[in-house]
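# Topology and contacts: notes
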Amino acid sequence: MRILILGGDGYLGWPTAMNLAVENEVWVVDNYLRRRIAEATDSEPLIATPSLTERARLFEAVSGNRIETIIGDLGDPDLMYDIVQRVQPECIIHYAEQPSAPYSMRGFKEARETLQNNLNVTFNCIWAVKDIVPDCHIIKLGTMGEYGTPNIDIEEGWLDIEHKGRKDKFLFPRAAGSLYHTTKVLDTDLIWFYVRTYGIRVTDLMQGPVYGLSTDEADLDQGLVPNFNYDDIFGTVVNRFLVQAVAGIPLTVYGGGGQTRGYLNLRDTLQCVRLSVENPADKGTLRIFNQFTETLSVNDIATKIKTVGDSMGLGVNIKSIENPRKEREEHYYNPTHTGLLDLGLEPNYMTDDVIASMLERIVVNKDNINTDRIMPRVRWNA
Ligand SMILES: NC(=O)c1ccc[n+]([C@@H]2O[C@H](COP(=O)([O-])OP(=O)(O)OC[C@H]3O[C@@H](n4cnc5c(N)ncnc54)[C@H](O)[C@@H]3O)[C@@H](O)[C@H]2O)c1
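Described in the following lines is the structure provided in the data block. (Residues numbered from 1 in each chain as written. Predicted model: local features only at pLDDT ≥ 70, side-chain atom pairs only at ≥ 80, totals over all residues. Heavy atoms only, no water.)

### Remarks on the overall build of the protein chain
What the protein chain contains, in helices and strands, is twelve helices and 14 strands. Relative to the globule expectation of 21 Å for 382 residues, the C-alpha radius of gyration of the protein chain, 20 Å, shows essentially globular dimensions. Each principal axis of the C-alpha distribution contributes one length, and for the protein chain these read about 60 × 55 × 40 Å. Within the protein chain, the proportion of its 382 residues that are buried is 56%. When the accessible surface of the protein chain is split by element, carbon and sulfur atoms take 49% of a total near 15,800 Å². Each charge class in the protein chain can be summarised by its mean position, and for the 38 positive and 53 negative side chains these summaries are 5 Å apart. (Helix = DSSP H or I, 4+ residues; strand = E, 2+ residues; numbered from the N terminus. Rg over C-alpha atoms; globule rule 2.2 N^0.38 Å. Buried < 20%, exposed > 50% of the residue type's maximum accessible area, 1.4 Å probe, protein only. Areas by Shrake-Rupley, 256 points an atom, 1.4 Å probe, with all protein chains shown as cover. Lys, Arg positive; Asp, Glu negative; His and termini not counted. Charge placed at Lys NZ, Arg CZ, Asp CG, Glu CD.)

### Some points on the sheet that holds strand β9 (residues 210-211)
Pairing is mixed in the open sheet, where three strands are placed in the order β9-β11-β13. Each of the sheet's edge strands pairs with one partner strand only, and the pair in question is β9 and β13 (294-297). Pairing geometry for strand β11 (residues 260-265) and β13, over four bridges, is antiparallel. By the bridge assignment for β13, tyrosine 263 is matched with glutamate 294. (Pairing = 2+ DSSP bridges.)

### A word on a negative patch on the surface
Taken together, the side chains of Asp73, Asp76, Asp78 and Asp82 define an acidic patch exposed on the protein surface. Relative to the assigned elements, aspartate 78 resides in helix α4 (residues 77-87). The exposure class assigned to aspartate 78 is exposed, which follows from its relative accessible area of 56%. (Patch = residues over 30% accessible without salt bridge, like charges linked within 9 Å, V, L, I, M, F, W, Y side chains within 5 Å. Salt bridge = Lys/Arg side-chain N within 4 Å of Asp/Glu carboxyl O.)

### Remarks on unusual backbone geometry
Of note, the phi angle at tyrosine 32 is positive, near 60°, even though the residue is not glycine. Structurally, the position occupied by tyrosine 32 is in the loop between β2 (25-30) and α2 (33-40). In the Ramachandran plot, glutamine 88 falls in the positive-phi region, its phi being about 50° despite a non-glycine side chain. Tracing the sequence through the fold places glutamine 88 in the loop between α4 and β4 (91-94).

### Examining the sheet that holds β2
Sheet architecture is open: seven strands sit in the order β3-β2-β1-β4-β5-β8-β12, paired in parallel fashion. Looking at the sheet topology across the chains shown, the edges are occupied by β3 (67-71) and β12 (286-291). Between one strand axis and the next, the sheet turns by 20° as a mean value, whatever way the strands run. Pairing of strand β1 (residues 2-6) with β4, which is carried by four bridges, proceeds in the parallel orientation. In the sheet register, isoleucine 3 faces β4, and the bridge partner there is cysteine 91. Along the sheet face, helix α1 (residues 13-21) touches β1, β2, β3 and β4 and points at about 170° away from the line of β1. Sitting on the sheet, helix α3 (residues 52-63) touches β2 and β3, and the angle it makes with β3 is about 175°. (Axes fitted to C-alpha atoms, helices over the stretch in contact; angles between N-to-C directions. Contact = heavy atoms within 4.5 Å.)

### Here's the deal with the pairing of strand β8 (residues 201-207)
Most of β8 is tucked away: seven of the seven residues are buried. Here β8 shows no split at all, with Arg201, Thr203, Leu205 and Gln207 on one side and Val202, Asp204 and Met206 on the other all buried. Here strand β5 (residues 137-143) runs beside β8; their pairing, made up of seven bridges, is parallel. Bridge pairing in β8 links lysine 140 to aspartate 204. With six bridges joining them, β8 and β12 adopt parallel strand pairing. When the sheet's bridge partners are listed, aspartate 204 is paired in β12 with isoleucine 288.

### Brief notes about α1
With nine of nine residues buried, α1 lies mostly within the body of the structure. Listed in full, the buried residues belonging to α1 are Gly13, Trp14, Pro15, Thr16, Ala17, Met18, Asn19, Leu20 and Ala21.

### Some details on the site of the ligand
Residues in close proximity to the ligand total 30 residues, the closest being Asp30, Arg34, Asn117, Tyr180 and Lys184. Contact distances for the ligand include 2.8 Å between a nitrogen atom and a side-chain N or O atom of asparagine 117. Where the shell around the ligand is concerned, the elements lending two or more residues are α2, α6 (108-132), β5 and α7 (179-198). Looking at side-chain class alone, the shell around the ligand contains 13 nonpolar, eleven polar and six charged residues. (Near = heavy atom within 4 Å. Polar contact = N/O pair within 3.5 Å; in protein donor to acceptor, adjacent residues only side chain to side chain. Nonpolar A, V, L, I, M, F, W, Y, C, P; charged D, E, K, R; others polar.)

### Quick look at the pairing of β1
Among the five residues of β1, four are classified as buried, and the element is accordingly described as predominantly covered. Bridge analysis of β1 against β2 gives five bridges, and the strand direction is parallel. Bridging across to β2, leucine 6 finds its partner in valine 29. As for the winding sense of the linkage, the β-α-β connection from β1 through α1 to β2 is right-handed. (Right-handed = clockwise from strand over helix to strand, strands pointing away.)

### Focus on the side chain of threonine 143
The topology assignment puts threonine 143 in strand β5. Judged by its relative accessible area of 8%, threonine 143 falls in the buried class. Not counting the four nearest positions on each side in its chain, threonine 143 is found in contact with Tyr180, His181, Lys184, Leu205, Met206 and Gln207.

### Focus: helix α12 (residues 352-364)
In this model, α12 (13 residues) spans 19 Å end to end at C-alpha, consistent with the 18 Å of a helix rising 1.5 Å per residue. Those residues of α12 lying buried are Val354, Ile355, Ala356, Met358, Leu359 and Ile362. Elements in contact with the buried residues of α12: β9, α8 (237-247), β11 and α10 (298-311). (Expected span 1.5 Å × (residues − 1).)

Quick look at the structure:
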């Protein structure tokens, strides 16, 4: 299959590109927005990563599989149209957004940049598909954060409602907790409008926070490692706690630590995306999957990492700090997630062995840890 990956230099985009390049023709596009923001906010990854073109060259040398790379801003409609015309993709995987909630809450400039970038790329992608390759399957990365933490079970994208004796089906109500998450809600609404109006086919993957840095392809060479962030801007909670455990810093639980979310291993992101590629949504359908494998509270994660870290002699402490975000610290959370399991997803859970292998990998790179990047630098109420 000819697959175009938007945001192919990112934490998820790069390992996805390598994984799919083994059996498909893969093109990736990126404008290094994440690298630029990471540099500007002093949030660089634990392990330095070569440029996208160098990574592709290295991957071809070690695996024999080719990845075509293009550097450019997909917020520019001319570039999006040119690329889609040239590649004629059968599937587009759209990762190309500004994904940091804290960055989107830093101030007006960052909020506007996030809003414009994320909506522009989604809008340009929809139009290029509609005009050039209307049969192409768009796989769009959404987030479980679109739903927020409602006091009812979260369904897989849609909700049947009976109101005053009549029934209909709607997108599940959304209540995002940051401007970034709100751009994902807006993306979904935009996509749903174009699906029902023009009959394009889309899978929206409502993904939970991802952790890990190991995949079959990334492990072939240190230069192929995904961007692994542990800072307060780009780092996701599990990755942050792992680095804090190795650095000897108490794990920074925000407030009460009862915040519960659906998590998944990076290897499972690759599985879920691959299953979506191989089983495309029908034409005129917006298919939504909740993409995670297990729900855990922040306290659960801290305790698991402490247990494994202590067994390795790291002497891990846990400390509650003032919550920089506006969010419920105790809440009901029960999201459905059967769609991807039905397609064949085989979860890699957060076992002690998985935690130990991630900690071992970080211990080797301990000297790179910059402890100034650990404490939250952005507050929701600032
Ligand atoms: N990492 C997670 O835990 C997680 C969880 C849920 C959803 N997601 C979603 O998955 C997607 C990928 O996340 P990630 O963690 O890999 O983020 P990332 O920032 O590492 O990757 C996104 C990539 O897109 C690129 N990009 C952004 N705007 C672009 C533009 N205008 N033109 C070209 N390239 C552009 C960035 O430079 C970056 O390399 C995002 O949409 C994110 O919202 C991620």
